[in-house]
Each structure stands twice: as C-alpha cells, then as structure tokens.
Amino acid sequence: MRVAYFDIFAGISGDMTVGAFLGAGVTLEALRAELAKLPLTGYRLSERRIFRSMISATKFDVILGAEDDASGAGKHAHPDDHAHPDDHAHQHDHAHAHDHAHAHDHGHTHGGAREKDRSYVEIIRMIDDSALNDRVKEKAKAMFLAIGKAEAKIHDTTIDKVHFHEVGAVDSIVDIVGIAICMDILGIDRVYSSPVRTGSGGFIETRHGTMPIPAPATLEILRGYPIELTAVPYEMTTPTGAAVVAALSSGVLQGTQHMRVEAVGYGAGGRDIPGMPNLLRLIVGTLPDNWLEEHLLVVETNIDDMNPEIYPYVIERLLESGAHDAYIVPVVMKKGRPGHLLNVTCSSASLDSVVRVLYAETTTSGVRVREVLRMKLPRDVRIVQTRYGSVTAKEIHRSGRAVLVPEFEECRRIAREHGIPLLDVYKHMEHDLGSIA
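Residues numbered from 1 in each chain as written. Predicted model: local features only at pLDDT ≥ 70, side-chain atom pairs only at ≥ 80, totals over all residues. Heavy atoms only, no water.

Participant: Talk me through the packing of aromatic side chains; I want residue IDs and the actual numbers.
Facilitator: In this structure the tally under the stated criterion is 1 aromatic pair. Geometrically, the ring pair formed by Phe-6 and Phe-21 is edge-to-face, given 6.0 Å between the ring centres and 85° between the ring planes. One end of the pair, Phe-6, is in strand β1 (residues 2–7); the other, Phe-21, is in helix α1 (residues 14–23), and 15 residues separate them in sequence. Accessibility classification places Phe-6 together with Phe-21 in one group, the buried group. (Phe/Tyr/Trp six-rings, centres within 6.5 Å; stacked < 30°, edge-to-face > 60°. Helix = DSSP H or I, 4+ residues; strand = E, 2+ residues; numbered from the N terminus. Buried < 20%, exposed > 50% of the residue type's maximum accessible area, 1.4 Å probe, protein only.)

Participant: Account for unusual backbone geometry, with residues named and values stated.
Facilitator: For the peptide bond that leads from Ile-213 to Pro-214, omega is 0°, which places it in the cis range. Tracing the chain through its elements places Pro-214 in the loop between β9 (209–212) and α6 (216–221). In this structure, Asp-156 is a non-glycine residue whose phi angle is positive, near 55°. Inspection of the secondary structure puts Asp-156 in the loop between α4 (134–154) and β5 (163–164).

Participant: Give a description of the confidence of the model for the protein chain that names residues and reports values.
Facilitator: Note that predicted coordinates carrying low pLDDT should not be read in detail. Chain-level pLDDT for the protein chain is 84 on average; 85% of the residues reach the 70-or-more range. Confidence drops under pLDDT 50 across residues 70–94; counting only partners more than four residues distant or on other chains, this segment forms 65 contacts. Contacts for the low-pLDDT stretch residues 99–114, under 50 throughout, to residues beyond four places or in other chains number 49 contacts. (pLDDT = per-residue confidence, 0-100. Contact = heavy atoms within 4.5 Å.)

Participant: So what about the sheet that holds strand β14 (residues 292–303)? Which residues, and what values?
Facilitator: Taken together, 4 strands build an open sheet; the order of strands is β15-β16-β14-β17 and the sheet is antiparallel. Unpaired on one side and paired on the other, β15 (325–332) and β17 (368–376) mark the two borders of the sheet. Looking at each pair of strands side by side, their axes are set apart by 30° on average, direction ignored. Bridge count between β14 and β17: 9 bridges; the pairing is antiparallel. If you follow Val-299 over to β17, its bridge partner there is Val-369. Running over the sheet, helix α8 (residues 311–320) touches β14, β15 and β16 (338–346) and is turned about 145° from β15. (Pairing = 2+ DSSP bridges. Axes fitted to C-alpha atoms, helices over the stretch in contact; angles between N-to-C directions.)

Participant: I'd like a rundown of the sheet that holds strand β19 (residues 389–398), residues and numbers included.
Facilitator: An order of β18-β19-β20 is seen for the 3 strands of this open sheet, with the pairing classed as antiparallel. Of all strands in the sheet, those with a lone pairing partner are β18 (379–386) and β20 (401–406), marking the two edges. Across the sheet, the axes of successive neighbouring strands diverge by a mean angle of 40°, strand direction being ignored. Where β18 meets β19, 8 bridges bridge the pair, whose relative direction is antiparallel. In the sheet register, Val-384 faces β19, and the bridge partner there is Val-391. Lying on the sheet, α4 is in contact with β18 and β19; it crosses β18 at an angle near 85°. Those strands touched by helix α10 (residues 408–418) are β19 and β20, and its axis lies near 155° from that of β19.

Participant: Please set out the packing of α10 against helix α11 (residues 422–436) residue by residue, giving values where relevant.
Facilitator: Relative to each other, α10 and α11 sit at 120°, their axes nearing to 9 Å. Compared by their axis directions, α10 and α11 come out oblique. Crossing angle aside, the handedness with which α10 passes α11 is right-handed. Only Leu-422, Val-425, Tyr-426 and Met-429 of α11 make contact with α10, whose side of the interface consists of Phe-408, Cys-411, Arg-412, Ile-414 and Ala-415. Of the residues that constitute the contact of α10 with α11, the class distribution is 8 nonpolar, no polar and 1 charged. (Parallel < 35°, antiparallel > 145°, perpendicular 65-115°, else oblique. Left-handed = near helix turned anticlockwise from the far one by under 90°. Nonpolar A, V, L, I, M, F, W, Y, C, P; charged D, E, K, R; others polar.)

Participant: Before we move on, can you summarise the nonpolar core with the specific residues and values?
Facilitator: Among soluble globular proteins, nonpolar side chains are generally buried collectively. Leu-31 and Val-177 are the most contacted members of the largest nonpolar core, which has 66 residues in total. Counting residues per element, this core draws most heavily on helix α5 (residues 170–186), which supplies 11 residues. Once residues lying within four places of it in the same chain are set aside, the contact partners of Val-177 are Leu-35, Leu-38, Ile-127, Leu-132, Val-136 and Ala-140. Grouped together as the second largest cluster of nonpolar side chains are 15 residues, Ala-326, Leu-342, Cys-346 and Val-354 included. (Core = buried A, V, L, I, M, F, W, Y, C linked by side-chain atoms within 4.5 Å.)

Participant: Can you break down the layout of surface pockets residue by residue, with the values?
Facilitator: Size it by volume and the largest pocket reaches roughly 2200 Å³. Along the wall of the largest pocket there are 47 residues; nearest its centre are Lys-149, Arg-223, Gly-224, Glu-407 and Glu-409. Its residues assigned to classes, the lining of the largest pocket shows 19 nonpolar, 9 polar and 19 charged. (1 Å grid on protein atoms, 1.4 Å probe; cavity = no way out; pocket = protein on both sides within 12 Å on 5 of 7 lines; lining within 4 Å. Points joined across faces, edges and corners; volume = space filled by probe spheres on them.)

Participant: Which residues make up the pairing of β16, and what values go with them?
Facilitator: Of all 9 residues making up β16, 7 are buried, and the element is well covered by its neighbours. In the sheet, β14 pairs with β16 via 7 bridges, with the strands oriented antiparallel. What sits directly across from Ile-303, in β16, is His-340. One ladder, built from 8 bridges, connects β15 with β16; its direction is antiparallel.

Here you go:
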C-alpha cells in the first residue's frame, strides 16, 4: 500500500502541499497537462528552489494574469528566496495565504481586479464536467466539501448557499485540484499526517473583518483531528491546508518505522517563521497491505460522585479535544458504591487536552494512563452520490473488499436539513451505499 505522510511541523497550505509533491517527484509538466483539463484560463504555474534553514525546498505559485504553456514558462531559477522576495504571489504578513471564503484584499496580483465569487455548486459542476479522471474528481470534491461544510456552519446557512471568495479564485482551485492530481500521479492509496500545527495569538484581516488565528474555518474543518496550537502569531495552517488533512487523511500515523521510504519532498511557505523552517515535509512510501498499527494512550478514571446527566457532555468535549474514542462502563467500586469507569483513547499529542477536559468537566481527582497498540483496517473517506446528493462515507477495506459505511454526522445533517427521522436516513443511506459497493 503506497502512502503519503505529511509531517506538519510548520503548518500546511495548498501551495505548500503542491510544492511538496513536486519535490517528491511530480513534474510541473505533468501537473500542467492535467490542470489543462479544467476550464480555467489566465494563469501560469511557477516552481523554484528555495532554502529554509539550508533545506532545499520547492516554492510553488499560481501567477494570475498570464497564460500557461507547455514550454515551462512558469519556471523561475532563483537559488533562494532571500534575494528574490515573493512579489508575485502570496504577498502578506502571514505565514501562508488565507485561502477560503474570507478573502484578503492584498492576495494575488492580477491587475487590481478581484476574482468573482463562485458557489460550491459551481465549483463541483466545473470539476464534474472536466476531463479529469474519477479518482482526481473525487478527492478534489472531498476537499471542497470539507471547506463548504465548515463555511455553512460558521455562517449559519446550508452548503448549497455557500459562496467562496479566495477558494473560488483560479489560484485556489488550481491548488486543490492540483493536489488531487499529484496524488493520482504518484499512485497514493492512503494519506496520513502528524498532528496539525497552527499559529495562535495573532489576527488576520478578511473581507468580513478581523478574525483570530487559527481562522474559524480552519478549526471547524479540523474538528476531531489532532492539532497543536503554537505561540506563532501567523496563520501557519490555512483552510485549504486543513481541508487536505480532513478530507484525505486516514488519521495520525504513529509507528512510522514500518514505512519503507521511497521519496521525500519539501514544500515551502511564503515567508520565514522565527524558530522553525517554514516547510511542509512529504514522505512517500509503502506500508503493509493488511491492518495498520499505531500506538495510542488509554486514559481511565473511576467516578462515583457525579450527576450522570453530565456524562454525554463530557464525552462530547473529549471527542472535540482530539480523543479517538470515549465511553462509560457501570462498575461497583470500593465499599459497594455504584460508579462509572470513564475510558478515553487518544494520541500522545492529545493527552494534555484530554486530561484538562477530565479535570475541568468531571469530579475526578486522578487518572490512569497506559500505552496500547491499536490495529485497524485500512479506511478512506469517499464522496458518493445518494438520494440526498453528495455525502461523505467511510470506506473500510475488509478481507480484500471495500465496504461503505454511513458517517453519523452526515446522517444527522441530512435528517435536520430534510426534516426526516435519523433512523430513516440510516436505512436509506445503507441501501444506497450497498448498491454503490
């Protein structure tokens, strides 16, 4: 099984991801040829080698206002980015370009004209009507769906009414579709990552006003995925970068000693970050084709003096903090007291946030922590067409065949939007997914 592992030690954005794939072996000519299948004009692609902490990396940009061609006109041969500042692309005070519905007024230079807004429906139709293959279409639409759902929730609307500003612009469509193309060119079967690092404590100016870092969309997209807030006051992870992880990754991969490394690529961000190289590292390699192994932590505590009505809220908070799972078991404690065993499974990166939730939201005064080995079947997230439209579903690989399973959050969203019982949604989804499989 061929995998792509994103080492997100300095955040992730769309242009950094494409740059990392170019560094790992995808050629600009191959990427350009596939992107030509989209009905987009007025841009050209640029790749150049730069250095961060003396590490050679690829800086990828989409330059607006000029036509691309097969001659490599978009290439620049700058030895580094210190003597040649980025004066044609992501020119801003942040670590990466903020690339979603909240557009900056100082993004890409293209004659002073702002790219027109595009709706989610328009973007999906553009991808569906293109000559790209189905694998590329599916991954690209999954990333747009992740952003669209986050925007719909933040702005209290439905996804069909979401209009994108920066993600609707040519450069951001190229980034997102380009990532899907790169994965297809390299034959990537699965994506994994480290915990996603974000900046904090700073602010970004958007079309809708000043917003905190991380951006609301970035946090919403990464809900349930392990993240690490840093003290860096820049936007290290953008909404597009978050969508790459949320839509494509099968989770945080630990025990990477089982991977056979085939290629490594570094994608560069648009500026220097004090104290760390502003790079995204991509490792391409192979993993065993059976089950996947990862080392996790189990956090347990016994509670006998808390109102049981609080437990559902506690579990919800634990899952939001990055826990993989949380459940409660009734137990008989010392002196015959009835109580509950609260069991939480999490990664080491999420341990601190999980313990903080337990101490803040329960009456416990101590927890037990132990390491466990989890072996899980390979799984993907797929965008499938059902009677309710495009929905995300889990694809679990079991005994040589793929099984599609409904996602609870998707079923709940559909039930609320259509005003029908959740049980009926599950029945219909299982029928539709069964016919697809």
